[in-house]
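Working through the structure, step by step
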There are 2 protein chains.
Amino acid sequence: MTRLPEPVTALAAALGRLPGIGPRSAERIALHVVQSDPTAVRDLAAALTLARERVASCSICGALTESQPCPVCTDPRRDATTVCIVERALDVLSLEKSGTYRGHYHVLGGKLSPLNGVGPEDLRIAPLEQRLDRAPAREIILALGGDVEGDATAHYLARRLAGRGARISRLAQGLPAGGGLEFADELTLSRALEGRRDMAP
Amino acid sequence: MTRLPEPVTALAAALGRLPGIGPRSAERIALHVVQSDPTAVRDLAAALTLARERVASCSICGALTESQPCPVCTDPRRDATTVCIVERALDVLSLEKSGTYRGHYHVLGGKLSPLNGVGPEDLRIAPLEQRLDRAPAREIILALGGDVEGDATAHYLARRLAGRGARISRLAQGLPAGGGLEFADELTLSRALEGRRDMAP
């Protein structure tokens, strides 16, 4: 054994293409796999295939779903005239967990990033416009991150979607709940100040 | 989508049982999988199953192999009277890469660790003795780690294997090749001093 058996190196190479797994940990996992219970390995392989086969992006909003369209898009109790625009499918989950939003979603699939070659045509903006043509929204909420690229994407979308008669809003920026001032960076603090709200007496 | 689709959480759970993958990175990988190319996912699943089916521990030495016994154990050019005892199957690979060893191996499968409940009966020591009964060795090299547990395992084996008429040796401890004194810890330095060798004039 001057080298690892070929199936182990092949497995390590395949694992190394997953996000956050470097070559060393890929090799470590591959070695673990060939020495572990065959049933557990078959289960993992089956879980991989099953997840990829069963789960897809919703044909309307782009969220992850097992049915087409997704449960949010087909729920009659939800407000279809409010569309919340998020960057990634996972953001839908975070907002749903907060329990306060009862409208629809639209997943962009990324944010504008000229440095990484991500332009408007790389995001799901055209499907968004087609969707708004079919079913005009009363409010469009831009729930994008507070970083530079999130800002740029929000401003771009606000311009591009203006003239549709919809209110366009953006998530508030400020102090995180439960967080003291000592943990907030300058930008967060300055935005929390700008966005200050009157208190009822 | 108040929670992730079930196949995604099932996959994340299965991934989280692999070494070095925590719950968050398991979820991240699972989300990546359901959004990536189906062929790549099928390939990964196949690589997992194939590696587990094809690769096993050598019935004699315990190294990872695709054939039984492994190529080292069956190579007539290798010295069967020298047995190098290592902790893990991967250590065989490291020693083979060094290119200087031409004997056989024996993988213990761990090291003595009373705190973790690992006793002599949990290691492949009985198979080692049966093997030495069948084919006595002239030299047994203890290539165990230089940590406390490696030390304890080496001393235990040296006692247990004494009386077989074999020379029992241990890998030298000292400065790593190319490493300066400033990078060596105190224990390494003191062992490098103890193990100092005369230089030819």
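Refer to the structure printed above.
Right, let's walk through the structure included here. (Residues numbered from 1 in each chain as written. Chains lettered and ligands numbered in written order. Predicted model: local features only at pLDDT ≥ 70, side-chain atom pairs only at ≥ 80, totals over all residues. Heavy atoms only, no water.)

A word on helix α3 (residues 38–54) of chain B
Formally: Runs of H or I in DSSP of at least four residues are treated as helices and runs of E of at least two as strands, each being numbered from the N terminus. By definition here, a helix of n residues has an expected span of 1.5 Å times n minus one. Between buried and exposed lies partly exposed: a residue is buried under 20% and exposed over 50% of the maximum accessible area for its type, with that area taken using a 1.4 Å probe on protein chains only. The arc refers to the directions leading from the helix axis to the C-beta atoms. We call two residues in contact when some of their heavy atoms are within 4.5 Å.
With 17 residues, α3 of chain B should cover 24 Å at 1.5 Å per step; its first-to-last C-alpha distance of 24 Å lies within 8% of that length. Inspection of α3 of chain B places Val 41, Leu 44, Ala 45, Ala 47, Leu 48, Ala 51 and Arg 52 of chain B among the buried residues, and these make up the whole buried set. Buried residues of α3 of chain B, viewed axially, fall in a sector of 155°; they line one side. Considering only its buried residues, α3 of chain B is in contact with α1 (6–16), α2 (23–34) and α3 (38–54) of chain A together with α2 (23–34) of chain B.

Thoughts on the interface of chain B and chain A
Filter applied, for reference: Buried area counts how much accessible surface, traced with a 1.4 Å probe, disappears from two parts once they are put together, with both parts' losses summed. For this analysis, a salt bridge means a side-chain nitrogen from Lys or Arg found within 4 Å of a carboxyl oxygen belonging to Asp or Glu. By the criterion applied in these results, polar contacts are pairs of N or O atoms within 3.5 Å in which, for protein atoms, one can donate a hydrogen and the other can accept it, and in which residues neighboring in sequence qualify only through two side-chain atoms.
With 49 residues of chain B at the interface, the matching set in chain A holds 48 residues. When chain B packs against chain A, close to 4,500 Å² is buried across both sides, 77% of that on carbon and sulfur atoms. Across the chain B-chain A interface, the total number found is zero salt bridges. In this structure, the connection of chain B to chain A is made through four residue pairs in polar contact (both at pLDDT 80 or more).

Some points on the relation of the copies chain B and chain A
Counted only if it meets this: In superposing the copies, a least-squares fit is computed on C-alpha atoms, taking residues whose pLDDT is at least 70 in both.
Placing chain B over chain A gives an RMSD of 0.1 Å and needs a rotation angle of 180°, together with 0.0 Å of translation along the axis. The symmetry that links the two subunits is that of a two-fold axis. Relative to the rotation axis, the C-alpha of Ala 45 of chain B is the closest in chain B, positioned 2.2 Å from it. Interface overlap between copies: 98% of the residues of chain B at the interface are likewise at the interface in chain A, consistent with a symmetric, same-surface contact.

Structural notes on the packing of α3 of chain A against α3 of chain B
Threshold: Note on definitions: angles span 0 to 180 degrees between N-to-C directions of axes, and those axes are lines fitted to C-alpha atoms, for helices only across the stretch in contact. Put simply, angles under 35 degrees are roughly parallel, angles over 145 are roughly antiparallel, angles from 65 to 115 are roughly perpendicular, and the rest are oblique. For this scheme, ten residues count as nonpolar: Ala, Val, Leu, Ile, Met, Phe, Trp, Tyr, Cys and Pro. Four count as charged, namely Asp, Glu, Lys and Arg, and the remainder, Gly too, count as polar.
Put simply, α3 of chain A and α3 of chain B touch, their axes get as near as 9 Å, and they point 175° apart. Between α3 of chain A and α3 of chain B, the interaxial angle falls into the category roughly antiparallel. Between α3 of chain A, through Pro 38, Val 41, Arg 42, Leu 44, Ala 45, Leu 48, Thr 49 and Arg 52 of chain A, and α3 of chain B, the contact on the second element is made entirely by Pro 38, Val 41, Arg 42, Leu 44, Ala 45, Leu 48, Thr 49 and Arg 52 of chain B. Within the contact of α3 of chain A with α3 of chain B, the residues separate by chemical class into 10 nonpolar, two polar and four charged.

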